Structures are given as structure tokens and as C-alpha cells.
Amino acid sequence: MMDPEVSVLLHCAAWSGLLESQVHVELSERQTDPSLECQIEALWTDRVTKEPWLFNGAKFRLHSYCLASLNGPLLSSVSPEDPPCTDSSKVPSVDCVENQQTDRLHSVSQNRSKCTNETDLEGILPQTGPILTLRLGITCYKDYLGTNWSSRVAELCQIGEVKFSDPLALLSQPLGVGAVLCTVDGQVVLIRRSQRVAEAGGLLDIPGGHPEPKVVCERLGQKVSEELISVSMMQQKSEAVVSELFSSVCAEIRDEVNIPLSSLGQPILMGVALNHTSAGRPSAEFYVRCSITSDEVRQLYWKGGAEAHESTDIVFLSRTEVLELNSRSPLWSELCPSAKGAVLLFQTVKPG
């Protein structure tokens with residue numbers, strides 16, 4: 001299924017998704033250009049003058065990734081001459097990745113569905129180190145507005161290709177998170193975005209947001225303002241970044257749908273999707289099960305959570321309906337890009 005708004009950067013179908021213990025993070029500084037930094041600063045100053053409520057929050061930036069396979073070679077199409085990592089701009093879509101499923105993978109998937117927690121899975125899944133390594137840096141909302149959301153984004157991609165052999169090198173690329181949330185009675189939760197939000201107002205979305213570098217710093221005992229956060233503050237504690245990546249998606253569900261954390265299962269990472277309406281902005285998409293019914297979720301939603309103002313309605317689809325969604329479905333045009341990307345990954349990975 002092709003949709004110009006979205007594509008899949010990477011998927012974890014070989015493992016039916018990944019647990020927190022199977023993901024590793026490496027941190028590094030992003031590439032920059034002095035003249036671009038001046039332009040970003042000027043644009044930000046102008047925007048803040050007109051919209052003084054804007055907040056320049058720090059975010060994680062996805063640079064590249066390495067994805068192993070059960071049988072050794074990378075699932076991504078990397079030539080033997082290339083190092084074992086893949087720049088996000090050069091990764092084939094899910095349709096281009098060779099299907100390396102084997103009987104062993106099928107067995108792993110079957111056994112996984114019978115397990116209830118991570119301890120049960122330890123005897124089934126390979127324990128030879130992390131399966132997925134995400135290479136992250138630090139970016140911010142100011143950089144996002146000045147690059148991914150800039151009218152010059154095509155030019156910036158050309159400069160990135162010439163200077164760094166990576167068209168996305170100069171872009172902010174903040175990493176978001178989203179959840180395909182499934183109730184105990186097999187319903188997938190969608191929420192309709194408010195017309196007052198900055199992007200995709202009125203469209204159907206999944207619960208989601210961003211992992212927060214500031215939260216990681218605070219957990220490490222470092223009190224610092226958003227604009228002073230740096231990679232060096234988290235360099236030696238990358239596992240705290242992984243923890244925030246996984247826990248942030250549950251926090252978003254709690255705040256947007258008003259489901260208590262105690263009712264949520266551990267998140268399973270399905271992969272990363274790209275939103276091409278904002279120059280390929282990446283989002284890590286998770287599958288999360290909850291222990292309550294769709295009727296109970298509906299009641300909690302209408303009571304209102306911390307971020308109830310971001311949506312105006314809640315919609316439920318059965319797992320079967322989500323698996324059968326495609327670009328010809330009437331509902332597809334109502335989905336925002338982040339929801340489309342999550343649906344594509346859910347259809348590919350088929351977790352749970």
C-alpha cells in the first residue's frame with residue numbers, strides 16, 4: 001500500500017516487535033551549519049515576537065539505526081562496503097526489505113503470544129545483545145520550525161546531500177512516539193485531534209507525543225533548563241534514554257486517553273515510520289495492550305485527562321478492521337500521517 005504522506009523506515013516483524021531490553025541507544029552531536037543556525041535563530045525570534053507563548057522544548061533527534069536479524073545479517077539493504085548502520089535517508093521502505101522470516105521466527109512469534117511478561121520471553125528470544133540500536137542526538141522545537149517545517153526544506157536537503165552525503169543531515173528530525181492501543185476486548189483506540197492543535201487538526205490519530213530529554217536529565221539528578229540540555233549529560237547513561245522512549249508512550253496514553261498506567265501492559269516497539277508532510281519526521285510506533293474494556297476506556301476518556309484539550313472524540317476499531325485498512329478505505333483519508341504510519345507497522349508486525 002502506497003501513501004505519499006508516510007513510509008516505514010524500519011520494522012521489527014521478525015520478532016513481532018521489540019521489548020525495552022532489546023533496544024539500545026547511542027548518543028552523538030548532530031551536524032550543523034553556521035549560516036543555517038543564524039537563519040533558524042532569526043526565524044525563531046520572528047515567530048516568538050508574533051506568538052510569545054511558543055516554547056523551545058528539547059527533543060531527541062533520530063540520526064540512524066542498526067537492526068540485527070536472528071540469522072546474522074542486517075534486515076536493511078546495506079551493501080558489504082557500507083558500515084553496519086543505516087542513515088535514515090537511505091533506508092528502503094517496508095516494501096523493499098527482504099522478507100527473512102523462517103520457521104524459527106514463526107516459532108518465536110507463536111511462543112511470544114503465550115507469554116505475559118518480559119521474564120517469560122527471556123528464554124525464547126535471543127539474548128546476544130540489543131537487536132536494535134538507535135543513534136540519537138538532541139534537537140529542539142526551534143530547530144524543527146527552522147528546518148523540517150521551513151519553506152527551504154528542499155534546499156536544506158540538497159545542501160545536506162552535498163556536504164554530508166545525507167539529505168537529512170541538517171534537518172531537526174525530532175523523534176516522536178505513538179501507540180496502537182488495544183483494549184482487552186480487542187478494540188484499537190483512536191482519538192480525533194482538536195482543531196486547535198498545530199498539525200492535522202480534526203483528523204483521527206493514535207495517542208502519542210515525544211520522549212523528553214529533560215525527563216531523562218531529571219531522573220539522572222540533573223536540573224537544567226531545556227535550552228542547555230546536551231548529549232554529554234546523558235552520554236554515560238544511555239539506558240535511561242531507552243527507558244524514557246518506552247515509558248513516554250505510556251505517559252502519553254495516560255494524559256491523552258486518561259487510562260491509568262497500572263492498566264497498561266509493557267510497550268512493544270513495532271518500528272519507526274516517517275511523516276513526509278514534515279520532511280520525513282520520524283516516530284517510533286508501539287503496540288500497547290490495556291487490561292480494561294473499550295466501554296471502560298470510553299468512560300475514562302470523557303472524564304478528561306491532563307491533555308484532554310488536544311482531542312475532541314474517541315473512536316474504536318476492531319483489530320480486524322485495522323488490519324484491513326488501506327488507502328481505498330473511506331476511513332483512511334480521516335487518518336493523520338502518524339496514525340497511518342502506525343497502522344502500516346501494525347499490519348506488518350502483527351504484534352499480540
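Okay, so let's go over this structure. (Residues numbered from 1 in each chain as written. Predicted model: local features only at pLDDT ≥ 70, side-chain atom pairs only at ≥ 80, totals over all residues. Heavy atoms only, no water.)

Our focus in this paragraph is the packing of aromatic side chains. By the definition in use, this model includes six aromatic pairs. On the basis of an interplanar angle of 90° and a centroid distance of 6.2 Å, the ring pair of W44 and Y141 is categorised as edge-to-face. A residue pair is termed long-range when its members are at least 10 positions apart, and W44 in helix 1 (residues 34-50) and Y141 in helix 4 (residues 141-146) qualify at 97 residues. Both rings, one in Y301 and one in W302, keep their centres 5.0 Å apart while their planes meet at 80°; by these two values the pair is edge-to-face. Residue Y301 is classed as buried on the basis of its relative accessible area of 6%. Ring-pair connections join several aromatic residues into one group, and the members of that group are W44, Y141, Y144 and W149. (Phe/Tyr/Trp six-rings, centres within 6.5 Å; stacked < 30°, edge-to-face > 60°. Helix = DSSP H or I, 4+ residues; strand = E, 2+ residues; numbered from the N terminus. Buried < 20%, exposed > 50% of the residue type's maximum accessible area, 1.4 Å probe, protein only.)

This paragraph deals with helix 1. Relative to the 24 Å expected for 17 residues at 1.5 Å per residue, helix 1 spans 25 Å between its end C-alpha atoms, a close match to the ideal helical length. Those residues of helix 1 that fall on the buried side of the exposure criterion are L36, I40 and W44. Seen along its axis, helix 1 keeps its buried residues to an arc of 70°; they face one direction. Seen from the buried face of helix 1, the exposed residues on the opposite side, beyond 90 degrees, are P34, C38 and T49. Where helix 1 is buried, its residues meet helix 4 and helix 5 (153-164). (Expected span 1.5 Å × (residues − 1). Arc of directions from axis to C-beta. Contact = heavy atoms within 4.5 Å.)

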